[in-house]
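# Topology and contacts: notes
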Amino acid sequence: MSRIGKNPISVPSGVEVKVDGQDVAVKGPKGELSVTIAEPITVSLEEGVITVARPDEERESRSLHGLSRTLINNMIVGVTEGYSKGLEIVGTGYRVLAKGSNLEFALGYSHPIVVEPPEGISFSVDGQTKVAVHGIDKQLVGETAANIRKLRKPEPYKGKGVRYAGEIVRRKVGKAGK
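These remarks concern the structure in this document. (Residues numbered from 1 in each chain as written. Predicted model: local features only at pLDDT ≥ 70, side-chain atom pairs only at ≥ 80, totals over all residues. Heavy atoms only, no water.)

Quick look at the overall build of the protein now. Within the protein, the secondary structure is distributed over 2 helices and 13 strands. Whereas a compact globule of 178 residues would reach a radius of gyration of roughly 16 Å, the protein reaches 21 Å, over 25% beyond that. Structurally, the protein occupies a C-alpha span of about 60 × 40 × 20 Å along its principal axes. Expressed as a percentage of the 178 residues in the protein, the buried residues total 31%. For the protein, contacts bridging at least 24 residues in sequence account for 50% of all contacts bridging at least 6. Working note: accessible area of the protein is about 11000 Å², and carbon and sulfur atoms make up 49% of it. Charged side chains in the protein number 26 positive and 21 negative. The centres of these two groups are separated by 17 Å. (Helix = DSSP H or I, 4+ residues; strand = E, 2+ residues; numbered from the N terminus. Rg over C-alpha atoms; globule rule 2.2 N^0.38 Å. Buried < 20%, exposed > 50% of the residue type's maximum accessible area, 1.4 Å probe, protein only. Contact = heavy atoms within 4.5 Å. Areas by Shrake-Rupley, 256 points an atom, 1.4 Å probe, with all protein chains shown as cover. Lys, Arg positive; Asp, Glu negative; His and termini not counted. Charge placed at Lys NZ, Arg CZ, Asp CG, Glu CD.)

The following block contains the structure:
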């Protein structure tokens, strides 16, 4: 049995969950999310507790069991608390400015790079070198942070670039093995 999939999900107060066959919709104080669960998995809601079950022990069913439970739990956490991912900018002359809801990065290129937030995502800037991505959809927050990091990945020699908050960049020794 899946150790993650068999755990029940308790629905906190202020959160409304609707299960309609394979579609699960969650509505909370921060917003609304929905997901379609893959076919062999069944979802049931009884007295504020969501249970995810699988019909058999086939490989596909086992792999989808824990995934489905985690997707539903992430939606519930998203509409109650939300998610955020921090980014740090390291490098001489590298900085970020908030221009309305957009971000403008100076990352050593000949031009500034403007990043517009997708629907449901907001940015907060702390100083010139720290950015946080906020939202209720965990996947969208992570993907947006990854796209920002992709603008200038941290390089291994001086560590310059955009990195996740707390990310450790493995450094290499330079030319003559200093």
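Right, let's get into helix 1 (residues 59–80). Residues that lie three or four places apart on an α-helix share one face, since the helix turns once every 3.6 residues. The first and last C-alpha atoms of helix 1 sit 33 Å apart over 22 residues, in line with the 32 Å expected at 1.5 Å per residue. Looking one or two residues past helix 1, glycine 82 carries a phi angle of roughly 85 degrees, positive in sign. (Expected span 1.5 Å × (residues − 1).)

Quick look at unusual backbone geometry now. Positive phi values are uncommon outside glycine, yet glutamate 47 reaches one of about 55 degrees. With respect to the helices and strands, glutamate 47 occurs in the loop between strand 5 (42–46) and strand 6 (49–53).

The next thing to look at is the pattern of salt bridges. Per the stated rule, a full pass over the model turns up 5 salt bridges. For the salt bridge of lysine 18 with glutamate 16, the shortest nitrogen-to-oxygen distance reads 3.8 Å. Residue lysine 18 is classed as exposed on the basis of its relative accessible area of 53%. On the basis of relative accessibility, which here comes to 43%, the residue glutamate 16 falls in the partly exposed class. One salt bridge in this structure joins glutamate 57 and arginine 54, with 3.0 Å as the shortest N-O distance. Residue classification places arginine 54 among the buried residues on the basis of a relative accessible area of 12%. (Salt bridge = Lys/Arg side-chain N within 4 Å of Asp/Glu carboxyl O.)

Below, the discussion takes up the sheet that holds strand 2 (residues 16–20). Ordered in space as 2-3-4, the 3 strands form an open sheet in which the pairing is antiparallel. With one partner strand each, in any of the chains shown, strand 2 and strand 4 (31–36) form the two edges of the open sheet. Strand-to-strand, the axes of this sheet are offset by a mean angle of 10 degrees, without reference to chain direction. The pairing of strand 2 with strand 3 (residues 23–28) spans 5 bridges and is classified as antiparallel. Across the sheet, lysine 18 pairs through a bridge with alanine 25, a residue of strand 3. (Pairing = 2+ DSSP bridges. Axes fitted to C-alpha atoms, helices over the stretch in contact; angles between N-to-C directions.)

The 3 strands are arranged 1-6-5 in an open sheet whose pairing can be described as antiparallel. Lying at the two open borders of the sheet, with one neighbouring strand each, are strand 1 (9–10) and strand 5. In terms of strand pairing, strand 1 meets strand 6 through 2 bridges, oriented antiparallel. Across the sheet, residue serine 10 finds its bridge partner in strand 6, namely valine 49. Sitting on the sheet, helix 1 touches strand 1, strand 5 and strand 6, and the angle it makes with strand 6 is about 155 degrees.

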